[in-house]
Amino acid sequence: MGRFILDTGASNTCIGFDKIEFFNLKSKESKIKAAGAGATDMETLTSKKNHIEIGKWKRKKLKIVLFDLVHVNTALVTHNAQPVDGIIGADILNKAKAIIDYKKKFLYLKSNKQ
């Protein structure tokens, strides 16, 4: 289990380099450069064929981008929030046909048969 934030502006779901072992991810080098939250041109790795579960929603064969989330966690802690292990991006939100209820702070994901 991990702690993730939703980022509708993030094209890919990401996990921090420091959580590769925790989530038992196999990674390889990537030419993709990450940017966001004030940082640009960050080195990344990719991890393929991952399994993810969010509540009852499950997905197999998911590609995850791995990069240094220190800048994200520093910003969160500065604003009295807890650090995260990763970011749920638009790739998952689109596949799950996500509906975000901002008022209730609730995420609805359409079930699939995977």
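The structure we're discussing is the one just above.
Remember, predicted model here, so these are calculated numbers, not experimental data. (Residues numbered from 1 in each chain as written. Predicted model: local features only at pLDDT ≥ 70, side-chain atom pairs only at ≥ 80, totals over all residues. Heavy atoms only, no water.)

**Focus: the pairing of strand 7 (residues 57–67)**
Bridge count between strand 2 (residues 14–16) and strand 7: 3 bridges; the pairing is parallel. From the neighbouring strand, G16 faces strand 7, where its bridge partner is F67. When strand 6 (residues 45–54) meets strand 7, the two strands line up antiparallel, connected through 7 bridges. The partner of L45 across the bridge, within strand 7, is L66. Once strand 6 ends, the chain turns through 2 residues before running back antiparallel as strand 7, passing G55 with a positive phi of about 60°. (Pairing = 2+ DSSP bridges. Helix = DSSP H or I, 4+ residues; strand = E, 2+ residues; numbered from the N terminus.)

**With respect to the pairing of strand 6**
Each regular strand displays side chains that alternate between the two surfaces of the sheet. Sheet topology note: the strand 3 (residues 28–29)/strand 6 ladder contains 2 bridges and is antiparallel. Its bridge partner being in strand 6, E29 is matched across the sheet by L45.

**A few points about the nonpolar core**
One finds I52, W57, L66 and I92 to be the most contacted residues of the largest nonpolar core, which totals 13 residues. Contributing elements (two or more residues each) for this core: strand 7 and helix 2 (90–95). Examining the composition of this core, we find that 4 residues originate from one element, strand 7, more than from any other. Judged by nonpolar contacts, the second largest core, of 10 residues, contains M42, V72, V84 and I87. (Core = buried A, V, L, I, M, F, W, Y, C linked by side-chain atoms within 4.5 Å. Buried < 20%, exposed > 50% of the residue type's maximum accessible area, 1.4 Å probe, protein only.)

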